[in-house]
Amino acid sequence: MSYAYRLPVVILLLVVGLGLFAKTLYGRFRVLKAGRPETRWDLVENRVRGLLEVGFGQAKMFKEPASGLLHALTFWGFVVLGARTTQLFVQGFVPDWPLPVIEAIYAPIKDVTAAVVLVSILGFFYRRLVVKPKRIAYSGEALLILGFIGGLMVTEFLFEGLHFGGMMASGKPDEIAHATAHVANAPIGSALAAFFATSGLSPTLMQALGEVNYWIHLVIVLTFMNLLPLSKHFHVITSLPNVFLSKLEPKGALSFVPDIEKSLEEEKPLGLSKTEDLSWKQILDLYTCTECGRCEVNCPAWTTGKPLNPKMIILDIRDHVYADQARILAGGKVPTAALAISGEVTAEEAEGAMPALIAAVNPDAIWSCTTCRSCSEQCPVMIEHVDKIIDIRRHLVMTRNEFPKEVGTTLKNIESKSNPWGMASGKRFDWAKDQNIPTLAETENPEYLFYVGCAGSFDDRAKEITLATAKILKAAGIRFAVMGKKEKCCGDPARRMGNEYLFQTMAQDNIDTWKEAGVTKIVSNCPHCYNTIKNEYKQLGANFEMVHHSELIPQLIADGRLNLSAGEAQRVVFHDSCYMGRHNDVYEQPRDALKAIKGIELVEIERSEKLGMCCGAGGARMFMEEKIGSRVNNVRVEQLLEAKPEVIASSCPFCMTMLSDGVGAADKKDSIKTKDIAELIADRLILPAPAEDAAP
Ligand code: SF4
Ligand code: SF4
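Please read all numbers here as calculations on a predicted model, not as lab measurements.

> What is the right way to read the overall build of the protein from this model?
Summing up its helical and strand segments, the protein has 30 helices and eight strands in all. Taken over the C-alpha atoms alone, the protein extends approximately 120 × 70 × 45 Å along its principal axes. Counting the 696 residues in the protein, one finds 54% classified as buried. Across the protein, the fraction of contacts at a sequence separation of at least 24, relative to all contacts at a separation of at least 6, is 80%. Entry remark: accessible area of the protein is about 30000 Å², with carbon and sulfur atoms responsible for 59%. Each charge class in the protein can be summarised by its mean position, and for the 75 positive and 80 negative side chains these summaries are 1 Å apart.

> Sorry, what's going on with the environment of methionine 497 here?
Inspection of the secondary structure puts methionine 497 in the loop between helix H23 (492–496) and helix H24 (500–516). Residue class for methionine 497 comes out buried when judged on its relative accessible area of 0%. In sequence terms methionine 497 and methionine 423 are 74 residues apart; their C-alpha atoms lie 19 Å from each other. Setting aside residues up to four positions removed in sequence, methionine 497 forms contacts with Trp367, Arg393, Val397, Val407, Thr410, Leu411, Ala620, Phe623 and Met624.

> Got a minute to help me understand the site of ligand 1 in this structure?
The local shell around ligand 1 consists of Cys299, Pro300, Leu308, Pro310, Cys369, Thr370, Thr371, Cys372, Arg373, Ser374, Cys375 and Val386. Here the shell around ligand 1 is composed, by residue class, of eight nonpolar, three polar and one charged.

> Looking at this structure, how should I read the site of ligand 2?
Close to ligand 2 lie 13 residues, the nearest being Cys289, Cys292, Gly293, Cys295 and Cys379. When the residues that make up the shell around ligand 2 are grouped by side-chain class, the tally is seven nonpolar, three polar and three charged.

> Teacher, can you tell me more about the sheet that holds strand S6 (residues 600–603) here?
Strands pair in a sheet through their backbones, by hydrogen bonds, and they do so in one of two ways: parallel or antiparallel. Ordered by their spatial adjacency, four strands build an open sheet running S6-S5-S7-S8, and the pairing between neighbours is parallel. At either end of the open sheet lies a strand with only one pairing partner, and these are S6 and strand S8 (673–676). Averaged over all pairs of adjacent strands, the angle between strand axes in this sheet comes to 35°, irrespective of strand direction. Pairing of strand S5 (residues 570–574) with strand S7 (residues 647–650), which is carried by three bridges, proceeds in the parallel orientation. Within the sheet, the bridge partner assigned to valine 573 lies in S7 and is isoleucine 648.

> Can you help me understand the packing of aromatic side chains in this one?
Here a ring pair, both rings aromatic, is described through the centre-centre distance and the interplanar angle of the planes. Counting across every chain of the model gives 19 aromatic pairs. With 6.2 Å between their ring centres and 70° between their planes, phenylalanine 450 and phenylalanine 480 make a pair best called edge-to-face. Separated by 30 residues along the polypeptide, phenylalanine 450 in strand S1 (residues 448–451) and phenylalanine 480 in strand S2 (residues 480–481) bring together distant segments of the chain. Stacked on the ring of tyrosine 214, the Lys or Arg arginine 6 has its end atom at 4.1 Å from the ring centre.

> Where do I start with the side chain of histidine 548 in this structure?
Structurally, histidine 548 is set in strand S4 (residues 545–548). Side-chain polar atoms of histidine 548 contact the side chain of serine 550, separated by 2.7 Å. Only 3.3 Å separates the side chain of histidine 548 from the backbone oxygen of serine 651, close enough to count as a polar contact. Ignoring any residue separated from it by four or fewer positions in sequence, one finds histidine 548 in contact with Ser524, Asn525, Cys526, Pro527, Tyr530, Met580 and Ser651.

> Would you explain the pairing of S4 in this entry?
Sheet analysis places strand S3 (residues 521–524) next to S4, joined by four bridges and oriented parallel. Following the sheet pairing, serine 524 is matched in S4 by histidine 548. With helix H25 (residues 527–536) bridging S3 and its parallel neighbour S4, the resulting β-α-β unit is right-handed.

> I would appreciate a short explanation of unusual backbone geometry in the present structure.
For residues besides glycine, phi is generally negative; the peptide bonds are generally trans as well. For glutamine 58, which is not glycine, the phi torsion reads 60° and is therefore positive. Secondary-structure assignment places glutamine 58 in the loop between helix H2 (44–56) and helix H3 (65–90). Since its relative accessible area comes to 6%, glutamine 58 is described here as buried. In the Ramachandran plot, serine 418 falls in the positive-phi region, its phi being about 60° despite a non-glycine side chain. With respect to the helices, strands and loops of the structure, serine 418 is situated in the loop between helix H20 (405–417) and S1. Residue classification places serine 418 among the buried residues on the basis of a relative accessible area of 13%.

> I would appreciate a short explanation of the sheet that holds S1 in the present structure.
If you trace the four strands from one edge of the open sheet to the other, you get S2-S1-S3-S4, paired in parallel fashion. Bordering the open sheet on either side are S2 and S4, each of which pairs with just one other strand. Across three bridges, the pairing between S1 and S3 is parallel. Looking at the pairing, phenylalanine 450 lines up with valine 523 of S3. Running over the sheet, helix H22 (residues 460–475) touches S1, S2 and S3 and is turned about 165° from S1. Where H25 meets the sheet, it contacts S1, S3 and S4, and its direction lies at approximately 160° from that of S4.

> Which parts of the structure should I look at to understand the packing of helix H5 (residues 140–168) against helix H7 (residues 187–197)?
Packed helix pairs are characterised by how far apart their axes lie and by the angle those axes make with each other. Running from N to C, H5 and H7 point in directions that differ by 50°, and their axes come no closer than 7 Å. By the angle between their axes, H5 is oblique relative to H7. As for the relative orientation of H5 and H7, their crossing is right-handed in sense. Residues Phe157, Leu158, Glu160, Gly161, Leu162, Phe164, Gly165 and Met168 of H5 form the contact with H7, whose participating residues are Ile188, Gly189, Leu192, Ala193, Ala194, Phe196 and Ala197. For the contact of H5 with H7, the per-class residue count stands at eleven nonpolar, three polar and one charged.

Conventions and cut-offs
Residues numbered from 1 in each chain as written. Chains lettered and ligands numbered in written order. Predicted model: local features only at pLDDT ≥ 70, side-chain atom pairs only at ≥ 80, totals over all residues. Heavy atoms only, no water. Helix = DSSP H or I, 4+ residues; strand = E, 2+ residues; numbered from the N terminus. Buried < 20%, exposed > 50% of the residue type's maximum accessible area, 1.4 Å probe, protein only. Contact = heavy atoms within 4.5 Å. Areas by Shrake-Rupley, 256 points an atom, 1.4 Å probe, with all protein chains shown as cover. Lys, Arg positive; Asp, Glu negative; His and termini not counted. Charge placed at Lys NZ, Arg CZ, Asp CG, Glu CD. Near = heavy atom within 4 Å. Nonpolar A, V, L, I, M, F, W, Y, C, P; charged D, E, K, R; others polar. Pairing = 2+ DSSP bridges. Axes fitted to C-alpha atoms, helices over the stretch in contact; angles between N-to-C directions. Phe/Tyr/Trp six-rings, centres within 6.5 Å; stacked < 30°, edge-to-face > 60°. Lys NZ or Arg CZ within 6 Å of the ring centre and 35° of its normal. Polar contact = N/O pair within 3.5 Å; in protein donor to acceptor, adjacent residues only side chain to side chain. Right-handed = clockwise from strand over helix to strand, strands pointing away. Parallel < 35°, antiparallel > 145°, perpendicular 65-115°, else oblique. Left-handed = near helix turned anticlockwise from the far one by under 90°.

See below:
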């Protein structure tokens, strides 16, 4: 059979298929280019490591072993079969073209890989049509794509079997030798060729059917390629770049807004309200979402009935961006303004209208986020959700002045009283009454500034944690000092509520004061203060050495600076705070501190460490009403109660409030204690006997 006809057909297919693909991709790329600049090309070594681990190694997929394995096998199969696809297109120009050098080794690998991919696709069909996991919405598009991939494997086998089987059955020695040599190293190809050669079909029919399968294969490849940028399967193209370009700076640091004062003075819109406000990397995130739903499974807001679903945040913004593409490609005006110009709405309506991007998202969802980072932790393609949510809060707060009432009150309190509760600054040091706590003004060159924070200064329960921490610092002989009445909020709630200006003002004030006082090392028992000072003050040029009490205490124990007595036997479960755990990877240290206490039996629940559920107070939710769905803290306490603990331990004053309330709601106040690790340690400290007075 002559294959000369292939040449014009394959050229036509390539020109049309690749041309359309390039056009679609160029449109997506132009939108990406319209995004804000962002630097993601630094620390190449770390990026390559992440790419190998999370991208090629599929590390995050294996959090769910069964579906992870299916996906990983399909992904690795695609990588291996890339060479085969290229080979088949080249065979349109040169029939039966072998891969140079590697053909003999590649043929068996390709055969086995295609078989493995086919089995994986059958597994995916089974999951989607029979198992139907809750997090995966039914999607005809997904089934079509699975059908395409399965079709590629089937046509690959049929083409090889029929094409070479036909030659083998031709009775012509040169064709038989040619076919035998070609499939010699391909176990499935040779078995199928032998099968068809003895099937009784005519050689011409077999070769014609082989050609049909060849062309179906090429058409599927090009159709599949063209569907990618138009569907959720765009991730096939974008996920490796997205993983390579993922966030490497501290996970707990929100993005910095430069020149904020000037922007406010000039009344420039701030935050995220339209496509061009997204950074190019944020747009790449949107393109990369696989719609797998892993991010929603552990979201404390979504799982307690709030309107926030992190997957839908990404998809709603993505759909808005896709719908907005024509405007961007046309050189882009803001849609509402354009409508006003065309007379469709009045200028006033255009001015006051909710920007389309935010209207697509639902502001209630935006205010439900606790910034716990569980979504990003689970996302297999490293999508960052929190930055987009906070960017929308920034727009609502700083540009539109639209926010829940409690947000306004809290921000006003921080602004006027330097604390979110609006307590008088003069009362900030009341916790230390009669405790002989050294202040910065009275202490020369203290080793640590003990930054107490607003909760530790004003909240009655948190004050007990502050005193326990001070007792430990004293017992370990650490020269520390506090700011006393001069202390101010670190700025975390203001930043997470979207008031970046207020955050920067508070942070700069603190930085100036501490630098002037010669502070270099800071200890805090609040994860929110810790994260903000450690990871976010750097954006303002400060670099204090920051330690959380859950890190310092086990170190002091290991150094022999704290002596502990054995206390009563207690069964303790530890609740990880999101800002020490997922935001700062501090998981082991608080557990080490608890394990150092004789008599304590530390027990774990399934939802701990990276899987730990937020208490509900993060993202400044501590200061907002929770009116929708079940209360996050109650759900979290129910999970902790599964361990049948006598004590629920934590290392955060906000968590303490939420967990104590949750224990109360579960009617367990009499049987279960809520304790900070500092309190558990302080209760068992063996203190040196006070020096005897010389005079009686
Ligand atoms: S940060 Fe937490 S609360 Fe916010 S969307 Fe992600 S998982 Fe949900
Ligand atoms: S954001 Fe990530 S985890 Fe969530 S649906 Fe998209 S790909 Fe899956």
